[in-house]
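Next come the chains, spelled out residue by residue.
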Amino acid sequence: MSYGHGIETTGAVKDRFDEILTPEAVGLVAALQRELIGRRAELLRARARRQIDLIGGANLDFLPDTDHIRSDRTWRVAPPAPGLIDRRVEITGPTDQKMTINALNSGAKVWLADFEDANTPLWENMVGGQLNLKDALDRKIDFTSADGKDYRLRPDDELATIVVRPRGWHLDEKHILIDGVRASGSLVDFGLYMAACARRQLDKGKGPYFYLAKNESHLEARLWNDAFNLAQDALGIPRGTIRATVLIETIPAAFEMEEILYELREHSAGLNAGRWDYLFSVIKKFRTRGREFVLPERNSVTMTAPFMRAYTELLVKTCHRRGAHAMGGMAAFIPSRRDAEVNAKALAKVREDKTRESQDGFDGSWVAHPDLVPICKEVFDGVLGSNPNQIAKLREEVSVTAQDLLAVAKTPGVITDAGLRNDISVALQYLANWLGGNGAVGIFNLMEDAATAEISRSQVWQWIHNDVTLDDGTLVRRDLVERLIDEELTKIRAMTGEGFDAERYGQAVALFTEVALADNFADFLTIPAYERMP
């Protein structure tokens, strides 16, 4: 469909899509794209240049050019916005109808409405998700499951605050063309939500709030800040109305936390410890650097590893000294309503994780399932009481060096045949689901999304290319992984039974082979995966 002036959409126009793809909304996306696309491209090139440097032996460090920002103790971010003062429990998930209702009703303070890692970027998901958010704010959303169960919203004062996570700067939206070029997925998700929902959120006494994913530098945060000002000006909304929490989920960003807060300070809602993508980033950035940067198998890497402790403690200290929220990460364990033993284990692990975070000074944390909201709330209630946060806990005793952030080699654990098989099986199962339109999948009692799948495939790539041996002495080679792919696929077929989709798993195997076994490392598995989608 052509909107004129060089703007075109190529995706199917389904029922009510015109309520989201309005001339105003698509025009806003086009204006943002035209103003910012050159800088976006240069920042992505800067990522590539830094990767070349790291492969060549360079290390990351705190930036000397921005030392004046870090050493100036006087500046603060904006005070917390309405609906973001108390964030002791946040629930995450994609924006389908059922999840939208369940998340808003969950008892969590905030819902991260995800257009990124827990979502598959099918055109129907991207536009339909925006429509669900608009309907939720208008209280016109409902859902009836196949078994006849009805889902409806509770009263407004019982609902979580919506915080939208747009796609990262590296992703395109191929169904919207601006001057013949694919639109930035970030700007599409942001612009469509602003046009449809910003004023609706203000009418609710809150505002348009965002989580910003995959940022690698303060210059990328500056680009977001400029997008915010452009959109607020275009819509006639005062600057500073938007608030954004930045996920510190790449290791370069860990060295620029203060600068990221500074760039967004009038729009900042703090930082979040995005632990799973952070592990993926560590592997990706140092993938060729030998055993010094090789992690043990995925499920043995915990938040108590020295380099992870350094990262999270620095995040709390950084946020609180600037008056910002420090948000904890996702515990991947999910409850089971069928298996009491599995459920007890999951609840215990989540309680342990949230207890550590609350005692470290985090102001709240994430869960992925409504059944985990009460545990997270109970743990943070025990520390916060009637206080909305613990920003006053400055953690001035914390001192973190560049060497602490890079101390990957101190991580305890081994690499076993079972760990290698788990990486392969999880990746295949997740990719099959992702290609089918589902971006958040429970596998082996853990919630998997694109971030955890990235860890799985990147570990396999790294182990092959760094002459890693398993604990039994077996060298991890391509031919070994190819054999294990066949064996794990056979297990999945037997476990799935009649529901096994041979064609979909064939695509998953091809994609996994491309991103885990090729000589060249794909920066993100979602990029080639997206090209396999309609």
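Preceding this section is the structure that the text describes.
Residues numbered from 1 in each chain as written. Predicted model: local features only at pLDDT ≥ 70, side-chain atom pairs only at ≥ 80, totals over all residues. Heavy atoms only, no water.

*Asks:* Is there a simple way to explain the overall build of the protein in this structure?
*Replies:* Within the protein, the secondary structure is distributed over 18 helices and 16 strands. The buried share of the protein, taken over its 534 residues, is 60%. Long-range pairs, those at least 24 residues apart, make up 78% of the contacts in the protein between residues at least 6 apart in sequence. Accessible surface for the protein amounts to roughly 20300 Å². Of this, 50% is attributable to carbon and sulfur atoms. Put simply, the protein has 66 plus and 79 minus side-chain charges, and the middle of one group is 2 Å from the middle of the other. (Helix = DSSP H or I, 4+ residues; strand = E, 2+ residues; numbered from the N terminus. Buried < 20%, exposed > 50% of the residue type's maximum accessible area, 1.4 Å probe, protein only. Contact = heavy atoms within 4.5 Å. Areas by Shrake-Rupley, 256 points an atom, 1.4 Å probe, with all protein chains shown as cover. Lys, Arg positive; Asp, Glu negative; His and termini not counted. Charge placed at Lys NZ, Arg CZ, Asp CG, Glu CD.)

*Asks:* What should I look at first to understand the pairing of strand 8 (residues 172–178) in this one?
*Replies:* For strand 8, the buried fraction is high: 6 of the 7 residues fall into the buried class. One ladder, built from 3 bridges, connects strand 2 (residues 7–9) with strand 8; its direction is antiparallel. Residue pairing in the sheet places Ile7 in a bridge with Ile178 of strand 8. Sheet topology note: the strand 8/strand 9 (residues 181–184) ladder contains 4 bridges and is antiparallel. Residue pairing in the sheet places Glu173 in a bridge with Ala183 of strand 9. Taking the residues between adjacent antiparallel strands as the criterion, strand 8 and strand 9 are bridged by 2 residues, where Asp179 takes a positive phi near 55 degrees. (Pairing = 2+ DSSP bridges.)

*Asks:* It is not clear to me how the nonpolar core should be interpreted in this structure. Could you clarify?
*Replies:* Nonpolar side chains in soluble globular proteins tend to be buried together. In this structure, Trp111, Phe190, Met194 and Ile248 are the most contacted members of the largest nonpolar core, which totals 139 residues. Non-local contacts of Met194, meaning those with residues more than four positions away in its chain, are made with Leu28, Pro208, Phe210, Ala231, Leu235, Ile237 and Ile242. Formed by 42 residues, the second largest nonpolar core is a distinct cluster that contains Ala427, Ala516, Leu525 and Met533. (Core = buried A, V, L, I, M, F, W, Y, C linked by side-chain atoms within 4.5 Å.)

*Asks:* Please clarify how the packing of aromatic side chains should be interpreted in this entry.
*Replies:* A ring pair, where both rings are aromatic, is described by two values, the distance of the centres and the angle of the planes. Inspection of every chain in the model, using the stated rule, returns 16 aromatic pairs. Look at Tyr211 and Trp366: their rings are 5.4 Å apart centre to centre, the planes differ by 85 degrees, and that puts the pair in the edge-to-face class. Taken together, the positions of Tyr211 in strand 10 (residues 209–212) and Trp366 in strand 14 (residues 364–367) put the pair 155 residues apart, joining distant regions of the chain. Comparing Tyr211 with Trp366, the two get one shared label, buried. When the ring of Trp461 is compared with that of Phe521, the centres are 5.3 Å apart and the planes differ by 85 degrees; the resulting orientation is edge-to-face. Of this pair, Trp461 sits in helix 15 (residues 450–465) while Phe521 sits in the loop between helix 17 (502–516) and helix 18 (526–531), placing them 60 residues apart in sequence. On the accessibility criterion, Trp461 (4% relative accessible area) is buried. The class of Phe521 is buried, set by a relative accessible area of 10%. Aromatic ring contacts, followed pair by pair, group Trp169, Phe190, Tyr193, Phe210, Trp224 and Phe228 into a single cluster. (Phe/Tyr/Trp six-rings, centres within 6.5 Å; stacked < 30°, edge-to-face > 60°.)

*Asks:* So what exactly am I meant to see when it comes to the pairing of strand 12 (residues 268–273) here?
*Replies:* Here strand 12 lies mainly inside the structure; 6 of its 6 residues are buried. Pairing of strand 11 (residues 243–248) with strand 12 involves 4 bridges; the strand directions are parallel. If you follow Leu247 over to strand 12, its bridge partner there is Asn272. Where strand 12 meets strand 13 (residues 326–330), 2 bridges bridge the pair, whose relative direction is parallel. Across the sheet, the residue bridging to Asn272 is Met327, located in strand 13.

*Asks:* Would you mind going over the packing of helix 11 (residues 340–360) against helix 12 (residues 373–384) with me for this structure?
*Replies:* Geometrically, a packed helix pair is captured by the angle between its two axes and the distance between the axes. Two elements in contact, helix 11 and helix 12, have axes whose closest approach is 9 Å; the angle formed by their N-to-C orientations is 30 degrees. With respect to their mutual orientation, helix 11 and helix 12 come out roughly parallel. The way helix 11 lies across helix 12 gives a crossing that is right-handed. Of the residues in helix 12, those touching helix 11 at Leu347, Val350, Arg351, Lys354, Thr355, Glu357 and Ser358 are Ile375, Cys376, Glu378, Val379, Phe380 and Val383. Of the residues assigned to the contact of helix 11 with helix 12, the class counts are 7 nonpolar, 2 polar and 4 charged. (Axes fitted to C-alpha atoms, helices over the stretch in contact; angles between N-to-C directions. Parallel < 35°, antiparallel > 145°, perpendicular 65-115°, else oblique. Left-handed = near helix turned anticlockwise from the far one by under 90°. Nonpolar A, V, L, I, M, F, W, Y, C, P; charged D, E, K, R; others polar.)

*Asks:* Would you take a moment to explain unusual backbone geometry for this structure?
*Replies:* Trans peptide bonds make up most of the peptide bonds, and negative phi angles are found at most residues other than glycine. Despite not being glycine, Asp179 has its phi angle at roughly 55 degrees, a positive value. Among the structural elements, Asp179 can be located in the loop between strand 8 and strand 9. In this model, Asn445 sits at a positive phi of 65 degrees, which is unusual for a non-glycine residue. Its place among the elements puts Asn445 in the loop between strand 15 (441–443) and strand 16 (446–448).

*Asks:* How should the pattern of salt bridges be read in this particular structure?
*Replies:* Once their charged atoms are close, side chains differing in charge can pair, the charge on each being opposite to the other. Counting across every chain of the model gives 60 salt bridges. Across the salt bridge formed by Glu90 and Arg87, the nearest N and O atoms sit 2.7 Å from each other. You can call Glu90 buried: its relative accessible area is 0%. On the basis of relative accessibility, which here comes to 0%, the residue Arg87 falls in the buried class. The closest approach of N and O atoms between Asp381 and Arg88, which form a salt bridge, is 2.6 Å. A residue pair is termed long-range when its members are at least 10 positions apart, and Asp381 in helix 12 and Arg88 in the loop between helix 2 (67–71) and strand 3 (89–94) qualify at 293 residues. With a relative accessible area of 26%, Asp381 lands in the partly exposed category. What emerges from the salt-bridge pattern is a single network uniting Arg275, Arg309, Glu313, Asp353, Lys354, Arg356, Glu357, Asp360, Arg395 and Glu397. (Salt bridge = Lys/Arg side-chain N within 4 Å of Asp/Glu carboxyl O.)

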